[in-house]
Structures are given as C-alpha cells and as structure tokens.
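Topology and contacts: notes
Each chain, letter by letter, is given below.
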Amino acid sequence: MRNREIIEESFYKIPEWMDEQSAHTFGFDRKMNEEEEDVFTDEYGVEYGNKGRMLLSANYEDPDDWNVLFSSDKTVDAGEKGKLGDNYTIRDGVEIICDSAFSDCNRLKHITIPESVRYIADLSFAHCESLQEVVLPKSVVAIAENAFCDCYSLEKINIPQGVHYLGKSVFLCCEKLKEITIPQSVVRIAGNSFAGCHIALSSQSPDFIVDHDMLYDKKRSTLIAYLGADEEFVIPQRVTTIGVLAFYLCTQLTKIIIPESVTTIQKSAFVGCRNLRE
C-alpha cells in the first residue's frame, strides 16, 4: 500500500494552471479519507483511491511482482493477481489517472479509458514501450506533461474536443506517431507537447497556428514547436519568443538564424540539437 504522505504530496498537488474551480472539479482540493476502504487494489494489482475516483498506480511494491512483470517469459497469466498484461480496462468512475500511474508498464499494449476520466496527470503512461493505440474519451479536459513520453510503439492517439490544456512533452519521443490534430477546445499549451516527434500536426484551435511545420500561438509571436526536417532554418521576423523545448532533438539542424525580434529564449529550447553549429 502506498504511503499516505507520498499520495498527498504528489497526487493532490494542484497544478499551476488550475484555477480554484478546476481544482475542485478534479478533486485536488480534497484529501483522501484515511479509512482503509477508500484505497483498494483490483485483481490485476492496479490501485485505486478516493472511492474509485482516482487511479493511483499500476506499478508494484513487491520486487517479486516486478521481476515477473518485466521477465522475458511471455507465459505470465495477465489475469493473475498483481500482474498487468497487455490489455487493461480502467474502471468506470475514475476521474483522475494519477502521476506515473502506468509508468514503465512495458507489456501494456492496449488501454481502455472510460468516459468518466477528466484529468491525465504527469507521466501517467510514460515509458509504456509497447502501447500501440490510445482512444481518449471526450470527457478528458487536461493532459499533463510527459503523460505519454517515450511510448515508442504508439502509432495512433486522439486529442478529443473538450481538452483545454496540454502540458509540455506530452508525446515526447513518440517516434511512430504520424499525425495529431489540436482540437478547437485547446486554450493552453505549456511547451512543446510534441518534442522529439516527426508528425503531421494540424490545429483547429483559434489560439494556435500550424504553418510549415511550425506551431505558433495565435499572434505568431511565440514559436512553440518546430517539427520540420530542414538542415538550416530561419526563424520568422515576427517571432519574439522561442518556447520551451521548441527545437528539442532536431538533430538534422546545422544552422538556425534567429532574428533581432527574438527577445526571449525559454528553457531547453535547443536541447538535443547536437549537430547545430551556428
């Protein structure tokens, strides 16, 4: 069973972007009841809390469970208690998939997410290297940073109409993703959500513009992400800010020309551009 202090520090921390009403909606303003019946584990070893409203963890405290889960032996019975297989259906009624809930579940290929889920927290499905396709329900309103980072086998995922917020690095290094559409409902992107991806990106949101492999804010003053494959790139004159991780892992780039209009270069904008010479 997870330590209550860890739960309160990580799972109930109110994200910076949340207003008071959103915090109440997601349940971050409520503490988990100390009574044992509020936390339970299903037959697959997945832990739930807050009377089933929160999916806490699909990871395992017992070293023996970890050894079985990541063993090369493919004969493990997915239905055996404490051993998550390649398919899993999240229980109806869950509203929050908590921080790192499915992180490193390398055998997981398919996940069914119910219409009750509203918030997908930091690193929720990080390093799920076998995960192939995810269908997000229309109930989701926020996807936090690194939620699907390093899902190397992920080929298809939707961002449903209704999502308002995308954190940075949501799809970091999802190498097999081919295309994503930013829906009309998105009003905030906290950084390059698509860092390390080579995808066909489009936007239906009036707050974001995609033009020639570049993602901008609606004023075209902030360059949020560069998704092209050019060796040399000239940043347009009207850009004043280069966003967080904007050129992350653009290994093909050897030269970037930054105009005088740029006054702000945010954190890690050029990380991984190992061939950049000037």
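Residues numbered from 1 in each chain as written. Predicted model: local features only at pLDDT ≥ 70, side-chain atom pairs only at ≥ 80, totals over all residues. Heavy atoms only, no water.

**Some thoughts on the state of the cysteines**
According to the stated counting rule, one finds 0 disulfides in the structure shown. Counting only cysteine sulfurs, Cys197 is the nearest neighbor of Cys173, a cysteine outside any disulfide, at a range of 7.1 Å. With no disulfide of its own, Cys273 lies closest to Cys250 among cysteine sulfurs, the gap being 5.1 Å. Note on Cys273: relative accessible area 9%, which makes it buried. (Disulfide = S-S within 2.5 Å. Buried < 20%, exposed > 50% of the residue type's maximum accessible area, 1.4 Å probe, protein only.)

**Points about the sheet that holds strand E17 (residues 222-226)**
Overall, mixed pairing links the 5 strands, which are arranged E15-E16-E17-E19-E21 in an open sheet. With one partner strand each, in any of the chains shown, strand E15 (208-211) and strand E21 (264-265) form the two edges of the open sheet. (Pairing = 2+ DSSP bridges. Helix = DSSP H or I, 4+ residues; strand = E, 2+ residues; numbered from the N terminus.)

**A word on the packing of aromatic side chains**
Following the criterion strictly, the structure yields 11 aromatic pairs and no others. Arranged with centres 5.6 Å apart and planes meeting at 85 degrees, the rings of Tyr44 and Tyr88 form a pair that is edge-to-face. With a gap of 44 residues between them, Tyr44 in the loop between strand E1 (40-41) and strand E2 (47-49) and Tyr88 in strand E4 (residues 87-89) connect regions that are remote in the sequence. Assessed through its relative accessible area of 25%, Tyr44 is described here as partly exposed. The buried category is assigned to Tyr88, whose relative accessible area is 3%. Centre to centre, the rings of Phe148 and Phe171 are 5.9 Å apart; their planes meet at 10 degrees, and the pair counts as stacked. You can see Phe148 sitting in the loop between strand E9 (142-143) and strand E10 (156-157) and its partner Phe171 sitting in the loop between strand E11 (165-166) and strand E12 (179-182), a full 23 residues away along the chain. Linked through ring pairs, Tyr44, Tyr88, Phe102, Phe125, Phe148, Phe171 and Phe194 together constitute an aromatic cluster. Taking the ring centre of Tyr48 as reference, the NZ or CZ of Arg91 above it sits at 5.7 Å. (Phe/Tyr/Trp six-rings, centres within 6.5 Å; stacked < 30°, edge-to-face > 60°. Lys NZ or Arg CZ within 6 Å of the ring centre and 35° of its normal.)

**A few points about the sheet that holds E9**
An order of E1-E2-E3-E5-E7-E9-E11-E13 is seen for the 8 strands of this open sheet, with the pairing classed as mixed. Because the sheet does not close on itself, it has two edges, and the strands there are E1 and strand E13 (188-189). The pairing of E9 with E11 spans 2 bridges and is parallel. Along E11, the bridge assignment pairs Ala142 with Tyr165.

**Structural notes on the nonpolar core**
Counting residues in hydrophobic clusters, the biggest one holds 49 residues, and the most contacted among them are Phe102, Phe148, Phe171 and Phe194. Mapped by element, the contributors of at least two residues to this core are E12 and E17. For Phe194, the contacting residues outside a window of four places in its chain are Leu166, Phe171, Ile180, Ile182, Ile199, Leu201, Leu215 and Leu227. (Core = buried A, V, L, I, M, F, W, Y, C linked by side-chain atoms within 4.5 Å. Contact = heavy atoms within 4.5 Å.)

**Points about the pairing of strand E3 (residues 54-57)**
Each regular strand shows side chains that alternate between the opposite faces of the sheet. As defined by bridge partners, E2 adjoins E3 across 3 bridges and the pair is classed as antiparallel. Of the residues in E3, the one forming a bridge with Glu47 is Ser57. With antiparallel pairing between neighbouring strands as the criterion, E2 and E3 make up a hairpin whose turn holds 4 residues, including Asn50 at a positive phi of roughly 50 degrees. As paired elements, E3 and strand E5 (residues 96-97) share 2 bridges and run parallel to each other. Along E5, the bridge assignment pairs Met54 with Ile96.

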